[in-house]
Amino acid sequence: MELISVAVSEILATLRDVAPIVVILLGFQFLVLRRRPPNLGRVAAGFGYVVVGLTLFLVGLDTALFPLGETMARQLTEGPAATLGGAEPDWRDYGWVYAFAAAIGFATTVAEPALIAVSLKAEEISGGAVDAWGLRIAVAVGVAVGVALGAFRIVTGTPLPLYIMVGYVVVVIQTVRTTRSIVPLAYDSGGVTTSTVTVPVVAALGLGLASTIPGRSPLIDGFGLIAFASLFPIMSVMGYAMIMTSIQRRRTVTTSEEKEIRE
Amino acid sequence: MDSRAPERPPPSLTWHRLRTLVRIFAGSFRDLIPMILVIGFFQIAVLQQPFPNLEKVLLGLVFVVVGLSLFVRGLESGLFPLGESMAHAFARKGSLIALLGFAFCLGFGTTVAEPALIAVAAEAAEVAGAAGFISNTDAEKNAYALDLRYTVALSVGASLVLGVFRILKGWPIHYLIIGGYVIVVAMTGFAPPEIVGIAYDSGGVTTSTMTVPLVAALGVGLASVIRGRNPMLDGFGLIAFASLMPMIFVLAFGMIV
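Structure report, in brief. No experiment lies behind these values; they were computed from the predicted model shown. (Residues numbered from 1 in each chain as written. Chains lettered and ligands numbered in written order. Predicted model: local features only at pLDDT ≥ 70, side-chain atom pairs only at ≥ 80, totals over all residues. Heavy atoms only, no water.)

1. Some remarks on the overall build of chain B
- Summing up its helical and strand segments, chain B has 10 helices and zero strands in all.
- In sequence order, chain B lays out its α and β elements as α-α-α-α-α-α-α-α-α-α.
- Relative to a compact globule of 257 residues, whose C-alpha radius of gyration would be 18 Å, chain B shows 24 Å and is clearly more extended.
- With respect to the three principal axes, the spread of C-alpha positions in chain B is 85 × 60 × 30 Å.
- Looking at chain B as a whole, 51% of its 257 residues qualify as buried.
- Within chain B, contacts between residues at least 6 apart in sequence are counted, and of these 79% link residues at least 24 apart.
- In the structure as shown, chain B presents an accessible area of about 11400 Å², 66% of it carried by carbon and sulfur atoms.
- When the 16 basic and 15 acidic side-chain charges of chain B are each reduced to a single mean position, those positions are 16 Å apart. (Helix = DSSP H or I, 4+ residues; strand = E, 2+ residues; numbered from the N terminus. Rg over C-alpha atoms; globule rule 2.2 N^0.38 Å. Buried < 20%, exposed > 50% of the residue type's maximum accessible area, 1.4 Å probe, protein only. Contact = heavy atoms within 4.5 Å. Areas by Shrake-Rupley, 256 points an atom, 1.4 Å probe, with all protein chains shown as cover. Lys, Arg positive; Asp, Glu negative; His and termini not counted. Charge placed at Lys NZ, Arg CZ, Asp CG, Glu CD.)

2. A short note on the nonpolar core
- Ranked by internal contacts, the top residues of the largest apolar core, which has 156 residues, are Phe47, Leu61, Leu185 and Tyr187 of chain A together with Met35 and Phe102 of chain B.
- Beyond its immediate stretch of four places on either side in the chain, Tyr187 of chain A contacts Val171, Thr175, Ile234 and Met238 of chain A together with Ile173, His174, Ile177, Ile178 and Ala240 of chain B. (Core = buried A, V, L, I, M, F, W, Y, C linked by side-chain atoms within 4.5 Å.)

3. Some points on the interface of chain B and chain A
- Contact with chain B, which involves 98 residues of that partner, is made by 91 residues of chain A.
- For the pair chain B and chain A, the interface holds two salt bridges.
- For the salt bridge of Asp31 of chain B with Arg136 of chain A, the shortest nitrogen-to-oxygen distance reads 2.7 Å.
- Taken together, chain B and chain A are joined by nine residue pairs in polar contact (both at pLDDT 80 or more).
- Considering each element in turn, the side of chain B that touches chain A owes the most residues, 30 residues, to helix 2 (residues 54-93) of chain B.
- Across the side of chain B that touches chain A, the residue classes break down as 65 nonpolar, 20 polar and 13 charged. (Salt bridge = Lys/Arg side-chain N within 4 Å of Asp/Glu carboxyl O. Polar contact = N/O pair within 3.5 Å; in protein donor to acceptor, adjacent residues only side chain to side chain. Nonpolar A, V, L, I, M, F, W, Y, C, P; charged D, E, K, R; others polar.)

4. A word on the packing of aromatic side chains
- If you walk through the whole model with that rule in mind, you get 15 aromatic pairs over all chains.
- Relative to Phe41 of chain B, the ring of Trp96 of chain A has its centre 6.2 Å away and its plane inclined at 50°; by these criteria the two rings are tilted. Taken together, the residues span two chains, with Trp96 of chain A in helix 3 (residues 95-110) and Phe41 of chain B in helix 1 (residues 13-46).
- Judged by relative accessible area, Trp96 of chain A falls into the partly exposed class, the value being 46%.
- Ring centres of Phe108 of chain B and Tyr150 of chain B lie 6.2 Å apart, and the angle between their planes is 15°; this geometry places the pair in the stacked category. Of this pair, Phe108 of chain B sits in helix 3 (residues 96-112) while Tyr150 of chain B sits in helix 5 (residues 138-169), and the two are 42 residues apart along the sequence.
- By the ring-pair criterion, three or more aromatic residues cluster together here, those being Trp96 and Phe100 of chain A together with Phe41 and Phe42 of chain B.
- A cation over an aromatic ring shows up here: Lys121 of chain A above the ring of Phe80 of chain B, its NZ or CZ 4.5 Å from the ring centre.
- A cation over an aromatic ring shows up here: Arg30 of chain B above the ring of Trp133 of chain A, its NZ or CZ 3.9 Å from the ring centre. (Phe/Tyr/Trp six-rings, centres within 6.5 Å; stacked < 30°, edge-to-face > 60°. Lys NZ or Arg CZ within 6 Å of the ring centre and 35° of its normal.)

5. As for helix 5 (residues 132-156) of chain A
All names here are of chain A.
- Across its 25 residues, helix 5 extends 36 Å between first and last C-alpha, which sits within 8% of the 36 Å expected from 1.5 Å per residue.
- Counted residue by residue, helix 5 has 18 buried out of 25 residues, so it is predominantly covered.
- Positive backbone phi, approximately 70°, marks Gly157, located one or two places after helix 5. (Expected span 1.5 Å × (residues − 1).)

Distances and angles like these do not, on their own, reveal function.
In structure tokens:
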């Protein structure tokens, strides 16, 4: 019974999500462009797949993973806070929290449908030069580092703008140094990571931390984890591109050396 | 040899479809392995607790795998071709106003009802009430949350307009994004500290799972029909604008309200 009510509410939520998109698409298609899109039946079926798929996906997450993940975030953050008795926390007591933050950031990002979409597109457009799976792993590593560092920031209570500004400086330096063709994709990957799967679990973690640590307000310190999770993938994707280029360069150097030796 | 050929028909279409389906399911399952491992490890090894209603969790996992597979299947046959065919149609029509109008509507329409944004806006209203920007009544807070939602939705509409315009002009993306960073940093110095966290987070919550594939296909489609544009260099970047611009708009909102 509970599953059915969850399913109904998720179907309604997905339809509410899709309704404006369908209205805008149909409106422009028929009023402005005034022509039938090619393969209308196939496209409509694809749209149906997406809606049903996303609904099932969310129902499954709501019954299986979100409750566990959220309880976990609460229990892990309550543990060290219980011994504090109102004192300022020692950041070293929160080792498992950082580990959980990094692990869950990585794991939820790998399963993020929007990221799957963008990485498939990138692989197709680049003619295979960008590997979809490699890109997703790079983004997931970025989110892992970002969420763990964000948890550390909430525990220590250090100012958020400081971290973000340092992050921006790193992004600017990397932009200058990396392959030009990866830059737009790297910037995009910051925005796609924080969607359906990552936001609820990460938000629960931030709220749990900010409400159990004395002197932190959930309203003010609870924010910022999502900002970290969208900034760090930009760095990790450009870093991944830089590593791949240097490996390729080394490989071409060794093959040309081998040729020289043979000659 | 030839006379025996009809007795061995080539693998049938259904068999091929079945194999594709199995491959998609396997891919979706692989995507979920990290999440299963992480939650399993923390539940058993760190928190040392048994799994509550294991059968419900397993059933949920089946739903997640099937759902993700259908989503990926629908991307390839529905959302991607649709985004691209619209890009081609707009390019053929050649009306800048129509294209930019479409970009704005897509950004505004998909963001204004986004559940993640509604949640963040409600929390932001709580912050504003507690900090004394607005009086701490429900009516005031609801009005504040609604204004904030419209602000973010406007900013996403504006960012898709800017992003599409950039593709048409072929401007390099990093000047615009770095310029945006400079604006964010400068505004952070003047905005009330309570709004800063919300503003930074608002960039991440705007791009929903349905919007991202459409917007990506639109950008790449435009960059591939316009002569002299490279889909890799010019096609991506729309989502980047949609996550940067809301920060600027929300910081401005905090300074004005």
